[in-house]
Amino acid sequence: MSKPRMVRRFSAVVRVSHWLYALSFITLAITGYMIYGSALDWMIPLFGSLEGAMVVHRVAAVFLITAVIIPILMRPREVTAWLGEVFTFTEADTAFLKTFPAKFVGVKKKIPPQGFYNGGEKINSLIQIISGLVMITTGLFMWLSSSPPPIMYPLHALFMAIGSASAIGHIYLALLNPVSNEAIRAMINGDVSEKYMQENHGQWYQEVYKAAPKEKRST
């Protein structure tokens, strides 16, 4: 059997930033929860103390902010293209969302041609952008201000919960869902099969990828 043709999706800079953000986010969620709940108290000895966990929390926050800055500085065109798509919601995206419940439970359905990011990816991106900006802003107030406004604390916790819920769904779709789990390859190796792109990002495949000179398709 011949190997499937592959399509380049994400650059190395974007992939490294994605994983740095993901690992920082998970660390922040775990250490941050220790302030509000007791279910993870068994992990406190791993950090030496609750105060130690808060030091790790702040270090992870620095890495998360770094993960945001790196692609802005090194791959601004990719970031601009991503934001341009994310903040442009089309009829095709709305149609995609109608098929999403079936996709979420692993039932494959034909979807209308999507751009480089489909409707579900756009919504996840919007949630992560908004929750990330709120968490970074409120977190810096809580860290650097001697008397931060009281509203910062509930806002920080609320948007961490919203971001975490979206991240859990994102992880499930990328790793475990049989309809979409090939997507994880794009964040590991940078590419996915041509068939996957045709089925899940048909509009981009036809209008951009097919129209590009062959030498530029792998960049």
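What this report covers is the structure whose coordinates are included nearby. Each chain carries its own residue numbering, running from 1 in the written order of its sequence. Totals for whole chains, interfaces and linings use every residue, but because this is a predicted model, local features are given only for residues with pLDDT of at least 70 and side-chain atom pairs only at 80 or more, for both listing and counting. Hydrogens and water molecules were not included; the side-chain quantities draw on all heavy atoms of the structure.

1. Focus on the packing of aromatic side chains
- In this analysis, rings of Phe, Tyr and Trp, with Trp reduced to its six-membered ring, are considered paired at centre separations within 6.5 Å, and the interplanar angle assigns stacked below 30 degrees, edge-to-face beyond 60, and tilted for intermediate values. One pass over the full model with this rule turns up 10 aromatic pairs.
- Their ring planes at 35° and their centres at 6.4 Å tell us that F10 and Y117 sit as a pair that is tilted. On the criterion of sequence distance, the pair formed by F10 in the loop between β1 (6-8) and α1 (12-36) and Y117 in the loop between α4 (91-104) and α5 (119-144) is long-range, its members being 107 residues apart. Neither F10 nor Y117 differs from the other in exposure class; each is buried.
- Ring geometry for Y205 and Y209: centres 5.4 Å apart, planes at 25°, overall stacked. On the criterion of helical spacing, the pair formed by Y205 and Y209 is a turn pair, its members being 4 residues apart in helix α9 (residues 202-209). Neither Y205 nor Y209 differs from the other in exposure class; each is buried.
- Put simply, the rings of F10, F116, Y117, W204, Y205 and Y209 pair up and form one aromatic cluster.
- Sitting over the face of the ring of F116, R9 holds its NZ or CZ atom 4.6 Å from the ring centroid.
- Only when the NZ of Lys or the CZ of Arg is both within 6 Å of the ring centre and within 35 degrees of the ring normal is a charge said to sit over the ring. A cation sits over an aromatic face here: R9 above Y117, 5.6 Å from the ring centre. By the criteria applied, helices consist of DSSP H or I runs no shorter than four residues and strands consist of E runs no shorter than two, each listed in order from the N terminus. Residue exposure (1.4 Å probe, protein chains only): buried if accessible area is under 20% of the type maximum, exposed if over 50%, otherwise partly exposed.

2. A few points about the packing of α5 against helix α6 (residues 152-175)
- Where α5 meets α6, the closest approach of the two axes is 9 Å, and the angle between their N-to-C directions is 150°. Taken as axis vectors, α5 and α6 run roughly antiparallel relative to one another. As for the relative orientation of α5 and α6, their crossing is left-handed in sense. Residue-level inspection shows N124, I127, Q128, I130, S131, V134, M135, T138, G139, F141 and M142 of α5 in contact with α6, the latter providing M152, Y153, L155, H156, F159, M160, I162, G163, S166, A167 and H170.
- Looking at the contact of α5 with α6, its residues break down into 13 nonpolar, 9 polar and no charged. A fitted line through C-alpha atoms serves as each axis, taken over the contacting stretch for helices, and the angle formed by two N-to-C directions is quoted from 0 to 180°. An angle below 35 degrees is read as roughly parallel, one above 145 as roughly antiparallel, one from 65 to 115 as roughly perpendicular, and any other as oblique. For any helix crossing, the convention is left-handed if the near helix is rotated counterclockwise from the far helix by under a right angle, and right-handed if that rotation is clockwise. Contact criterion: two residues are considered in contact whenever any of their non-hydrogen atoms come within 4.5 Å of each other. Following the grouping adopted for this structure description, the nonpolar residues are Ala, Val, Leu, Ile, Met, Phe, Trp, Tyr, Cys and Pro, the charged ones are Asp, Glu, Lys and Arg, and the polar ones are all others, Gly among them.

3. A word on a nonpolar patch on the surface
- In this scheme, patches are assembled from residues that exceed 30% relative accessible area and form no salt bridge. Like charges are connected within 9 Å, while nonpolar side chains (Val, Leu, Ile, Met, Phe, Trp, Tyr) are connected within 5 Å. In short, Shrake-Rupley with a 1.4 Å probe defines the accessible areas, and a residue's cover is counted only from the protein chains shown. What makes a salt bridge here is a side-chain nitrogen of Lys or Arg within 4 Å of a carboxyl oxygen of Asp or Glu, nothing more. Taken together, V68, I69, I72, L73 and M74 make up a surface patch of nonpolar side chains, about 480 Å² in accessible area.
- Its location among the elements puts M74 in helix α2 (residues 50-74).

4. Some points on the pattern of salt bridges
- Enumeration over the complete set of coordinates arrives at 7 salt bridges.
- D93 is the partner of K122 in a salt bridge, and the nearest nitrogen-oxygen pair spans 2.7 Å. Here K122 is found in helix α5, whereas its partner D93 is found in helix α4, with 29 residues between them in sequence. An identical accessibility class is assigned to K122 and D93; each is buried.
- A network of salt bridges, in which partner residues are shared, links K108, K195 and E199.

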